[in-house]
Amino acid sequence: MNELIREIGKSKGYDDKLCNTLEKIIPAMIMHYGEEYRDLIFKVLEETTITMCKPSENVYDTLNKLETIEEDESIVGIQDVKIAAGVSSTIPRISCKDGEFSIDKLERHIVLAFGDIESKAQIRTLVHEFSHALKSYENSHYIKGDIYYSRSGFIEIFERLSLDENGKVVRTLISEKNVGMEEGFNSLDDSIITSIITGEDRKFESYRGPAVIAEEADCLLGY
């Protein structure tokens, strides 16, 4: 397994520290999510580009350089992105031909704030964002008419598509829901996976309120 992880890492230009971290994270994720998700986890690893911010940049700056950030009215706003420890972003490249919109490709990115990727804090952030990427991979993006739908776990986003005066596709937010629910369950997942990696007791480091609710829902309802 480590040989494949390192092979993918080398093909993407990752340094040894990031490859070492992935060699800890990927087996722990397979252990948590289940062996049946092994192939999907490796697909996400292969198709997602992980980028570390430079010391002088924040996550927003790096996303802008990658040309993947969308300045819309989503619940996760620009200021939130600027102070974030990390972000998982799946950006569609959409075209319009003869009045019909279509998704040409999906670009998948994880951007992490500057720091030591082998530290516990950075490992946890990467686990959290990789879990978001995993949950936004299958059956998560489609277009019906002029409506673009995307999903990341429980998060569902509907956007209206149009063309500006230059013929560029514009996405306008209609609705975004279940963000708190998704962050709660994702934080529950990252706490378990990080515990597997470190051997330390499981604890919630982010989204503690939603994470506690998610834990109760898991125990009581089997979500």
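Note that this is a predicted model, so its numbers are computed, not measured.

Rules and cut-offs
- Residues numbered from 1 in each chain as written.
- Predicted model: local features only at pLDDT ≥ 70, side-chain atom pairs only at ≥ 80, totals over all residues.
- Heavy atoms only, no water.
- Axes fitted to C-alpha atoms, helices over the stretch in contact; angles between N-to-C directions.
- Helix = DSSP H or I, 4+ residues; strand = E, 2+ residues; numbered from the N terminus.
- Parallel < 35°, antiparallel > 145°, perpendicular 65-115°, else oblique.
- Left-handed = near helix turned anticlockwise from the far one by under 90°.
- Contact = heavy atoms within 4.5 Å.
- Pairing = 2+ DSSP bridges.
- Buried < 20%, exposed > 50% of the residue type's maximum accessible area, 1.4 Å probe, protein only.
- Lys, Arg positive; Asp, Glu negative; His and termini not counted.
- Salt bridge = Lys/Arg side-chain N within 4 Å of Asp/Glu carboxyl O.
- Expected span 1.5 Å × (residues − 1).

### Quick notes on the packing of helix α6 (residues 120-135) against helix α7 (residues 179-198)
At their nearest, the axes of α6 and α7 sit 9 Å apart, and the two run at 130 degrees to each other. The orientation of α6 relative to α7 falls into the category oblique. Regarding α6 and α7, the two cross each other, and that crossing is right-handed. Seen from α6, the contacting residues are K120, I123, R124, V127, H128, S131, H132 and K135; seen from α7, they are E182, E183, F185, N186, S187, D189, D190, S191, I193, T194, I197 and T198.

### Side note on the sheet that holds strand β2 (residues 86-97)
Each strand in a sheet pairs with another by means of backbone hydrogen bonds, the pair being arranged parallel or else antiparallel. Ordered by their spatial adjacency, three strands build an open sheet running β1-β3-β2, and the pairing between neighbours is mixed. The open sheet is flanked by β1 (48-52) and β2, the only strands paired with a single partner. Averaged over all pairs of adjacent strands, the angle between strand axes in this sheet comes to 30 degrees, irrespective of strand direction. Pairing of β1 with strand β3 (residues 100-112) involves five bridges; the strand directions are parallel.

### A short note on the side chain of E183
Structurally, E183 can be placed in helix α7. Of the side chains with opposite charge, K135 lies nearest to the buried E183, which makes no salt bridge, at 8.3 Å.

### What about the pairing of strand β4 (residues 141-144)?
Here is the key point about a regular strand: its side chains alternate between the two faces of the sheet. In this sheet, strand β5 (residues 147-152) lies alongside β4 in antiparallel orientation, the contact comprising four bridges. Along β5, the bridge assignment pairs H141 with S150. Taken together, β4 and the strand that follows it, β5, pair antiparallel across an intervening segment of two residues, in which G145 is found at a positive phi of about 65 degrees.

### Focus: the environment of S152
Checked against the element boundaries, S152 lands in strand β5. For S152, a relative accessible area of 17% gives the class buried. Along the backbone, S152 and E138 are 14 residues apart, and their C-alpha atoms lie at a distance of 9.3 Å. Excluding its chain neighbours within four sequence positions, the residues that come into contact with S152 are H132, K135, S136 and E182.

### Quick notes on α7
Given a rise of 1.5 Å per residue, 20 residues ought to cover 28 Å, and the 28 Å separating the end C-alpha atoms of α7 matches this to within 8%. The buried fraction of α7 is high, at 14 of 20 residues. Immediately beyond the C-terminal end of α7, within one or two residues, lies G199, with a positive phi of roughly 80 degrees.

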